[in-house]
2 protein chains.
Amino acid sequence: MTGLAHPDIDEIVLSDVLAALGDETRLAIVATLARNEHAAMTCSQFLEFGSKTALSYHFAKLREAGLISVRPEGTRRLISLRRADLDQRFPGLLDSLIACHAASPAGAEP
Amino acid sequence: MTGLAHPDIDEIVLSDVLAALGDETRLAIVATLARNEHAAMTCSQFLEFGSKTALSYHFAKLREAGLISVRPEGTRRLISLRRADLDQRFPGLLDSLIACHAASPAGAEP
DNA sequence: TGCCTTGTTCAAGGTTTATTGAACAATGGA
DNA sequence: TCCATTGTTCAATAAACCTTGAACAAGGCA
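Everything quoted here is computed from the prediction, not taken from an experiment.

Definitions and cut-offs
Residues numbered from 1 in each chain as written. Chains lettered and ligands numbered in written order. Predicted model: local features only at pLDDT ≥ 70, side-chain atom pairs only at ≥ 80, totals over all residues. Heavy atoms only, no water. Pairing = 2+ DSSP bridges. Helix = DSSP H or I, 4+ residues; strand = E, 2+ residues; numbered from the N terminus. Phe/Tyr/Trp six-rings, centres within 6.5 Å; stacked < 30°, edge-to-face > 60°. Buried < 20%, exposed > 50% of the residue type's maximum accessible area, 1.4 Å probe, protein only. Contact = heavy atoms within 4.5 Å. Least-squares fit on C-alpha atoms with pLDDT ≥ 70 in both. Near = heavy atom within 4 Å. Polar contact = N/O pair within 3.5 Å; in protein donor to acceptor, adjacent residues only side chain to side chain. Nonpolar A, V, L, I, M, F, W, Y, C, P; charged D, E, K, R; others polar. Salt bridge = Lys/Arg side-chain N within 4 Å of Asp/Glu carboxyl O. 1 Å grid on protein atoms, 1.4 Å probe; cavity = no way out; pocket = protein on both sides within 12 Å on 5 of 7 lines; lining within 4 Å. Points joined across faces, edges and corners; volume = space filled by probe spheres on them.

1. A few points about the pairing of strand E2 (residues 68–73) of chain B
Residue and element names in this part refer to chain B.
- Inspection of the sheet shows E2 paired to strand E3 (residues 76–81) by six bridges, in the antiparallel sense. When the sheet's bridge partners are listed, Ser 69 is paired in E3 with Ser 80.
- From the end of E2 to the start of E3, which pair antiparallel, there are two residues, and Gly 74 there has a positive phi angle of about 65°.

This is how it looks when you write it as structure tokens:
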């Protein structure tokens, strides 16, 4: 088992975080996670954003950048935003990003 | 002349901005511009970050993403952060990003 | 005029990215 | 046990990325 590597808090790199979010799909995933921080979300709840394979790829990107944590639970994976870790490493950044995305989502008025 | 196209304020896209900043070189360029917002900067002041050609490429990326404006002046180009435009489009984002970068620059302690 | 400086463009190259479909592993329930 | 569900891995592909060096354009100054 390779074991679902997550970077430590102080291994989270700003440019990696921004590169991970510099993609509409991953930005939408993170925004969705932020909107549902109370609930535990699984990969299959994001199928509107892409195929299973594509999602697996994007979740790996987000996990390696330190944005999300992935915890196996039975046959599925519970996904969550690393809100506390990110707030500690980059205070205010996540809120700022999410507010900006909410104010101008990808599919704004034509 | 193709004419140095700059996106309008409402054409600036969040994921494009983040993708542009998801690169150490461009992040460092923007941080430098933010630190010297009073002065007018030219391309050659950034040679520590890469070759002429590489810089030309990165400046084009930043310009197309809406982060900087480039104004020809004689034989050189005056580069500036689109601070006001960005603050209008994404309030607080630029300050947040710059603060995060300043708190954990690329070349932190080994 | 001629030269120097500043910066762009081009073609080439190697790397990384994002997507797809097929095959696989593991859990859980009938 | 068999089967459905969940999600990963693999190989392949097309596109985008970043860097390089050589060549070019244009302004300023002698």
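2. Examining the packing of aromatic side chains
All names here are of chain B.
- All told, the structure shown has four aromatic pairs over all chains when counted by the stated rule.
- Here the aromatic rings of Phe 46 and Phe 49 are separated by 6.2 Å at their centres, their planes lie at 35°, and the arrangement is tilted.
- What makes Phe 46 buried here is its relative accessible area of 0%.
- Given a relative accessible area of 25%, Phe 49 falls into the partly exposed group.
- Their ring planes at 80° and their centres at 5.5 Å tell us that Phe 46 and Phe 59 sit as a pair that is edge-to-face. Note that Phe 46 is positioned in the loop between strand E1 (41–42) and helix H3 (52–65) and Phe 59 in helix H3, a separation of 13 residues in sequence. The two residues Phe 46 and Phe 59 agree in class, both being buried.

3. Some words on the environment of Leu 21 of chain B
- Among the structural elements, Leu 21 of chain B can be located in helix H1 (residues 14–21).
- Spatially, the C-alpha atoms of Leu 21 of chain B and Glu 11 of chain B are 17 Å apart, while their sequence positions differ by 10 residues.
- Leu 21 of chain B has contacts with Ser 15 and Leu 18 of chain A together with Arg 26, Leu 27, Val 30, Leu 62, Leu 67 and Leu 97 of chain B, leaving out every residue within four places of it along the chain.

4. Considerations on the relation of the copies chain A and chain B
- Structural alignment of chain A on chain B gives an RMSD of 0.0 Å, achieved by rotating through 180° and translating 0.0 Å along the axis. Those values place the two copies in the arrangement expected of a two-fold rotation axis.
- The fraction of interface residues of chain A whose copies in chain B are also interface residues reaches 100%, indicating that both copies meet through the same surface.

5. Some words on the protein's contact with DNA strand D
- Taken together, 19 residues sit near DNA strand D, with Ser 44, Lys 52 and Ser 56 of chain A together with Thr 53 and His 58 of chain B positioned nearest.
- Counting only atoms of DNA strand D within 4 Å of the protein, the fraction found in sugar and phosphate groups is 62%.
- Within the side chain of Lys 52 of chain A, a nitrogen or oxygen atom sits 2.8 Å from a base nitrogen of DNA strand D.
- Contact distances for DNA strand D include 2.5 Å between a phosphate oxygen and a side-chain N or O atom of His 58 of chain B.
- The greatest single-element share of the surface near DNA strand D, amounting to five residues, is contributed by H3 of chain B.
- Grouping the amino acids of the surface near DNA strand D by side-chain chemistry returns three nonpolar, 10 polar and six charged.

6. Some words on the pattern of salt bridges
Residue and element names in this part refer to chain B.
- Counting across every chain of the model gives 10 salt bridges over all chains.
- For Glu 37, the salt bridge goes to Arg 83, with nearest N and O atoms at 3.1 Å. With a gap of 46 residues between them, Glu 37 in the loop between helix H2 (24–35) and E1 and Arg 83 in helix H4 (residues 83–89) connect regions that are remote in the sequence.
- Judged by its relative accessible area of 37%, Glu 37 falls in the partly exposed class.
- One salt bridge connects Arg 71 with Glu 73, and the closest N-O pair in it is separated by 3.3 Å.
- By relative accessible area, which is 47% here, Arg 71 ends up partly exposed.
- Among the residues examined, Glu 73 registers a relative accessible area of 42% and is labelled partly exposed.

7. Some remarks on the layout of surface pockets
All names here are of chain B.
- Empty space within the largest pocket amounts to approximately 350 Å³.
- Taken together, 16 residues form the lining of the largest pocket, with Cys 43, Lys 52, Ser 56, Phe 59 and Arg 77 sitting closest to its centre.
- If you list the elements that add at least two residues to the lining of the largest pocket, you get H3 and E3.
- In terms of residue count, H3 provides more of the lining of the largest pocket than any other element does, six residues in total.
- Along the lines of polarity and charge, the residues of the lining of the largest pocket split into eight nonpolar, four polar and four charged.

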